[in-house]
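So you can see what is in the structure, the chains are spelled out below.
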Amino acid sequence: MSEAFSTASIILQDLHKHFGLVKAVDGISLEVEAGTLVCLLGPSGCGKTTTLRMIGGFEEPTAGQILIGGDDVTRMPPYARPTAMVFQNYALFPHMSVYDNVAYGLRARRRPKAEVDKLAREALDLMELPGQEKKSPPQLSGGQQQRVALARALVIRPKVLLFDEPLSNLDAKLRVRMRGEIRALQRRLGITSVYVTHDQEEAFSIADRVAIMNAGKLIQLGTPRELYSEPADRFVADFVGVSNIVPVEVVDSAADGATVRVFGQTIRSRRPPSNPGGQVSVVLRPEALRVEKTADGGVPARVLTLAFTGPLLRYTVAVDDGTVLAVDLPNPDPDHFFAEGTPVSVLLPAEVPALLG
Amino acid sequence: MVDNAPVLPQRWSSRQRQRAVFAALIAVEILLLVFVGTRLVQVQAVEDYREVVGDQETIYLRNEVVGDPALVALLVLGIALPLASRRLRREPVLLVAVQLAIEALIMFVLWPLAKVFVEGFKAGQFVEGFSLVQFRTLFQMPMVVRATKNTMVIGVTTAFLSTLIGTLVAYTLTLTDVPWRRWLRNLVVLPLISPPFAVSFAIILLFGRRGVITYDLLGIKDYTIYGPQGIIFVQLISTIPLSVLIISAVFASMSRDLEEAAEDLGGHPLYVLRTVTFPLVTPAILTSVLLSFIGSISDFGNPMLIGGGYQMLATQAFIQMIEMFDLQLGAALGMLLIIPSLLAFLLQHRITSRRSYVTVTGGARTGHVRKLPAWIKWPLFGLCVFLAAFNVVLYGSIFVGAAVKTWGFDYTLTLDNVRGLLTSVPMLKNSMIVAISAGILGGLVSIFLAWLIGRQKFPGRAALDFSATMMQAIPGTVVGIGYILAYNAAPYFWTGTFFIIIVAYIFRRLPVGLRTGIAAQKQIDPSLEEASLDLGASRLRTFTHITFPLLSRAFFAGVIYIFIRAMTDLSAAVFLNSGRTQLFTVRMFRIMVTSTPSEAAAFAALLIVIIIISLGVLSKVTGKSFVDLFRI
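Residues numbered from 1 in each chain as written. Chains lettered and ligands numbered in written order. Predicted model: local features only at pLDDT ≥ 70, side-chain atom pairs only at ≥ 80, totals over all residues.

Moving on: the overall build of chain A. Within chain A one finds eight helices and 21 strands. For the C-alpha atoms alone, the extent of chain A along its principal axes is close to 80 × 50 × 40 Å. Of all intrachain contacts in chain A linking residues separated by at least 6 positions in sequence, the fraction that spans at least 24 positions is 65%. (Helix = DSSP H or I, 4+ residues; strand = E, 2+ residues; numbered from the N terminus. Contact = placed C-beta atoms within 7 Å.)

Listed below in structure tokens is the structure:
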């Protein structure tokens, strides 16, 4: 695209949305810095789509404020906002050609014909859609429809792009490719984006920062690395990956870290627990654990199940006190699987980034 | 090759068996055709001329073909054409099904319609050859010229206003948050449950010369409802429900994402309405225009009752055919009715088949409430409330009318009118026989054709679909005329039998049953049938235990739809019934013309009660509200 995109930050201030008695969004405050991509991640019904729809102007907040580029847009109708949305089912107009779909936003703004043509063609080129102009949307494949939806949104030079689970109608391989393309495009154009998904992997691979939501509340906002290594609570730890969350006994806690005991072993945490008096747990990532033949130094356990996925071998093992742990073994050796019922030793990591609680 | 040798004999035998079945089938069909052909075409000796020599009179005879060779040729073609398809030759069951469907449509759709054209271009009953004499006669009659103009005026005005009001009401009741929507929806479509002419009857009770509202309430003495204004008013009341149903179905299934996307891209609400919302409902709007146009030009009861001498083509055709018994002139009048209807149908068919976008997809969010400014919302609400209240008063007046001595003069309560109904018991019985048979048979035919057209693949499927749907565009009056022309004379003499009336109703209402059936089948995943077969059930058991139960709702909906339409029809009935098979609506119409309003009101009230009961049965059986039933 020849013209540069002007971009803007988004600020949500204590946003509420009630549908009758249901509090779909219950006090969300969030800042999306200009030019970055933030993912709203959470289970269905957590309020992420409602939040996105409030930014787009389709739902009016019950309380709170929305600022885009410092301007209060809370009561502004969708057509007056500098936002463009990519819908889950693309919402391509079935009675218009691909070209007319892309040109729609420009024509709605009464731009001169020559300009409409120039910008629409640029957008089609950008999304690698030349030659498809005259087709009608149902004639296109899912991936192509996705590109048309993106071209249609980009052509109006929005300050903010909104994505409502845009990849959920594509097959797994195409999903991975499209998310790479969306990310590359967003970086290149430097356009502020909010992206809603319930897929943790998709969120982590595409976002600068991820906002984890549950029951209408923002639980934790951070980079994928922060969320993964320092989850704020059990919900986050659970949602961003299969986790073994085990209660621990705090041996020693200081500003520069803590020592805890679990299964009779000592583990060092680089950060102290936020609430040392209460219940403290440790998150043992399956890929951080290992199983070996019974040996000293490990935690004695027994193999319950094993599942081979190709790159990974996942064991579930039962420790002697009954705790069940998931253990992922990368690059598994096909000749050395432990059969179900085999006694093994689980090796714990010596150090973890943080503790829960 | 050698390895394959043992397999070959078995293959041959199976192919031979297939050929034997096929040959037997063709033999039976040829025999049937010959049998039917000799019944339909006969060579008779007729007197040619006489010669008198002395006291000897010699009568010379010549052979003459009587009957319908053209129909036989069409029937032969109908049997032969499917044989050209290799696919059908391989599947005898499908082949016979297709042939049956073609034969039925030739006999009961195409032939009667063709007859209208054939007779219309004849110079007289016994004169062969093409002639425009009927049209010259017609257009020399000032009455007919006026009737043609009047029909177009009424048709276009009604179609336009009905669709406009229908669109507004449909929008209000499906996409806004006005109160009492459920009640309003049911009351607005109330006129569907009665014969159209009951509406003009009720309007006369209210606004006529001694109408309760005009005469008693307002004291107006010099206004008359009789005339074109009355016809348009009454036709609007009868067609608005249909427009509302057709258009609200589309509004209800329209995905809100499309409008939101348009607004999101910068479209101002009015711009979105013009560029997205309106184009998406265009097909439904066209359908509404078409059906209200056809409904209002073909209706015959309302103009007779409330027209006050205002002539229309349908009434003229009735006079020419039934009172003057001039079949050719009647046929020519029928053609004048059919041509605009068919043109409108072709236009609508073309446009909607090219641009029908409303597809029901699982994920689409539909029926979203649009926020409207109060100055738009409340007037729309007022319109709906007015229509609903008006219908209540309208139908209320029929029941009150039936319970009083003489409407307009003496409002003391009495049971006399109900007693008067006793004389109509034979006609009620006739109507029930016709409506129940047409309902059940029509339901079966609809499901059969829906299976054929919706589920099977064969060449010519679209043509079959088109022929079955075409009846939708044929005015009821013309259907009556066509059936009389086709099957009145030798060798059929079907006029005046229940058979002809039943068949006419089945094929007249086929389009609706067919659409319902196809829609219902689309919702049945073929894998359900496959699962049943896979679990070891036979094809028959699969049909009786899986397919039919899933289709039964559509079947019953079709049965009751045809039943109600048959119970309330007048336009086709006046042409097809006879003294022996007189139908309740025809009797009721005569009472309305000749007897006191209160006596007639009792007839209308009884019919409405019967229909409400059958609708009650239907919603029990199908679990649907009656509004859904009339969706097309």
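This part covers the overall build of chain B. Helix and strand content of chain B: 28 helices and four strands. Relative to the compact-globule value of 26 Å for 632 residues, chain B shows a C-alpha radius of gyration of 28 Å, a close match. Its C-alpha atoms give chain B principal-axis dimensions of roughly 90 × 90 × 50 Å. The buried share among the 632 residues of chain B stands at 44%. (Rg over C-alpha atoms; globule rule 2.2 N^0.38 Å. Buried ≥ 20, exposed ≤ 12 C-beta atoms within 10 Å, placed from the backbone.)

What follows concerns helix α16 (residues 374–403) of chain B. End to end, α16 of chain B covers 43 Å across 30 residues, agreeing with the expected 44 Å (1.5 Å per residue, within 8%). Along α16 of chain B, the residues classified as buried are F381, C384, L387, A388, N391, L394, Y395, S397, I398, G401, A402 and A403 of chain B. (Expected span 1.5 Å × (residues − 1).)

Turning our attention to the domain arrangement of chain B. Residues and elements named next belong to chain B. Assigned domains of chain B: these are domain 1 (7–111), domain 2 (121–409) and domain 3 (415–632). A C-alpha centroid distance of 30 Å is found between domain 1 and domain 3. In this assembly, 18 residues from domain 1 lie in contact with 15 residues from domain 3. Elements with a minimum of two residues in the side of domain 1 that touches domain 3: α1 (7–40), β2 (56–67), α3 (86–90) and α4 (92–120). Taken together, the residues of the side of domain 1 that touches domain 3 break down into 13 nonpolar, three polar and two charged. (Domains from an automatic or database assignment. Nonpolar A, V, L, I, M, F, W, Y, C, P; charged D, E, K, R; others polar.)

Let's shift gears to the confidence of the model for chain B. Residues and elements named next belong to chain B. Averaged over chain B, the pLDDT score is 82; the fraction of residues at 70 or greater is 92%. A low-confidence stretch, residues 358–364 stays under pLDDT 50, and its non-local contacts, those more than four residues away or across chains, total eight contacts. Scored as a whole, the predicted complex attains pTM 0.75, and scored at its interfaces, ipTM 0.77. (pLDDT = per-residue confidence, 0-100.)

A few words now on the environment of S141 of chain A. All names here are of chain A. Position of S141 relative to the elements: it lies in the loop between α3 (113–126) and α4 (142–154). A tally of 10 C-beta atoms within 10 Å means that S141 is categorised as exposed. Taking C-alpha positions, S141 is 9.7 Å from L170, a pair spaced 29 residues apart along the chain.

Turning to the sheet that holds strand β9 (residues 209–214) of chain A, a few remarks are in order. All names here are of chain A. Spatial ordering of the open sheet is given by β6-β7-β8-β3-β9-β10, a layout of six strands whose pairing is mixed. In this open sheet, the two edge strands, each paired with only one partner strand, are β6 (83–86) and β10 (217–222). Neighbour-to-neighbour, the strand axes of this sheet turn through a mean angle of 20°, independent of strand direction. Pairing of strand β3 (residues 37–41) with strand β8 (residues 192–197), which is carried by five bridges, proceeds in the parallel orientation. Bridging across to β8, L41 finds its partner in T197. (Pairing = 2+ DSSP bridges. Axes fitted to C-alpha atoms, helices over the stretch in contact; angles between N-to-C directions.)

What follows deals with the pairing of strand β4 (residues 410–413) of chain B. Residue and element names in this part refer to chain B. As defined by bridge partners, strand β3 (residues 404–406) adjoins β4 across two bridges and the pair is classed as antiparallel. Paired with T406 across the two strands is D410, which belongs to β4. Linkage of β3 to β4, two consecutive antiparallel strands, is achieved through a turn of three residues, within which G408 is found at a positive phi near 95°.

To continue, consider the interface of chain A and chain B. The interface of chain A with chain B comprises 19 residues on the first partner and 19 residues on the second. The set of elements that each furnish at least two residues to the side of chain A that touches chain B consists of β6 and α2 (98–108) of chain A. When grouped by side-chain class, the residues that make up the side of chain A that touches chain B number twelve nonpolar, five polar and two charged.

Attention now goes to the sheet that holds strand β4 (residues 63–68) of chain A. Residues and elements named next belong to chain A. Strand order in this open sheet of four strands is β2-β1-β4-β5, and the pairing throughout is antiparallel. In this open sheet, the two edge strands, each paired with only one partner strand, are β2 (22–32) and β5 (71–72). Across eight bridges, strand β1 (residues 10–19) lies against β2 in antiparallel orientation. When the bridges of β2 are listed, L15 appears paired with I28. Of the strands in this sheet, β1, β2 and β4 are in contact with helix α1 (residues 48–56), which crosses β1 at around 115°.

A few words now on the environment of I502 of chain B. Residue and element names in this part refer to chain B. Within the element layout of this structure, I502 appears in helix α21 (residues 498–508). Linking I502 and N417, residues 85 residues apart in sequence, is a C-alpha distance of 30 Å. Those residues within four positions of I502 in sequence are excluded, and the remaining contacts are V434, S437, A438 and L441.

All names here are of chain A. Phi is positive for F263, which is not a glycine, with a value near 50°. Counting through the fold element by element, F263 comes out in the loop between β13 (257–262) and β14 (265–269). Its 19 C-beta neighbours within 10 Å are what place F263 among the partly exposed residues. Notably, N331 is not glycine yet its phi reads approximately 50°, a positive angle. The residue N331 is located in the loop between β19 (324–330) and β20 (343–347) in this model.

Attention shifts here to the packing of helix α20 (residues 476–487) of chain B against α21 of chain B. Residues and elements named next belong to chain B. Contact geometry for α20 and α21: axes closest at 11 Å, N-to-C directions at 135°. Taken together, the axes of α20 and α21 lie oblique to each other. Handedness of the crossing formed by α20 with α21: right-handed. Residues G476, V479, Y483 and Y487 of α20 pack against I500, A504 and R508 of α21. (Parallel < 35°, antiparallel > 145°, perpendicular 65-115°, else oblique. Left-handed = near helix turned anticlockwise from the far one by under 90°.)

A few words now on the packing of helix α6 (residues 142–175) of chain B against α16 of chain B. All names here are of chain B. Between α6 and α16, whose axes approach to 9 Å, the crossing angle comes to 105°. It follows from the interaxial angle that α6 and α16 lie roughly perpendicular. Together, L168, V169, T172 and L173 of α6 and L380, F381, L383, C384 and L387 of α16 make up the contact between the two elements. The class makeup of the residues in the contact of α6 with α16 is eight nonpolar, one polar and no charged.

Here we come to the environment of P142 of chain B. Tracing the sequence through the fold places P142 of chain B in helix α6. A sequence separation of 54 residues divides P142 of chain B from L88 of chain B, and the C-alpha atoms of the two residues are 54 Å apart.

Attention shifts here to the pairing of β19 of chain A. Residue and element names in this part refer to chain A. Residues L325, V327 and L329 line the buried face of β19, whereas the alternating positions V324, A326, D328 and P330 sit on a face that is not buried. Of the strand pairs in this sheet, strand β18 (residues 312–319) and β19 are connected by seven bridges, and their pairing is antiparallel. The residue of β19 that forms the bridge with R314 is D328. Once β18 ends, the chain turns through four residues before running back antiparallel as β19, passing G322 with a positive phi of about 100°.

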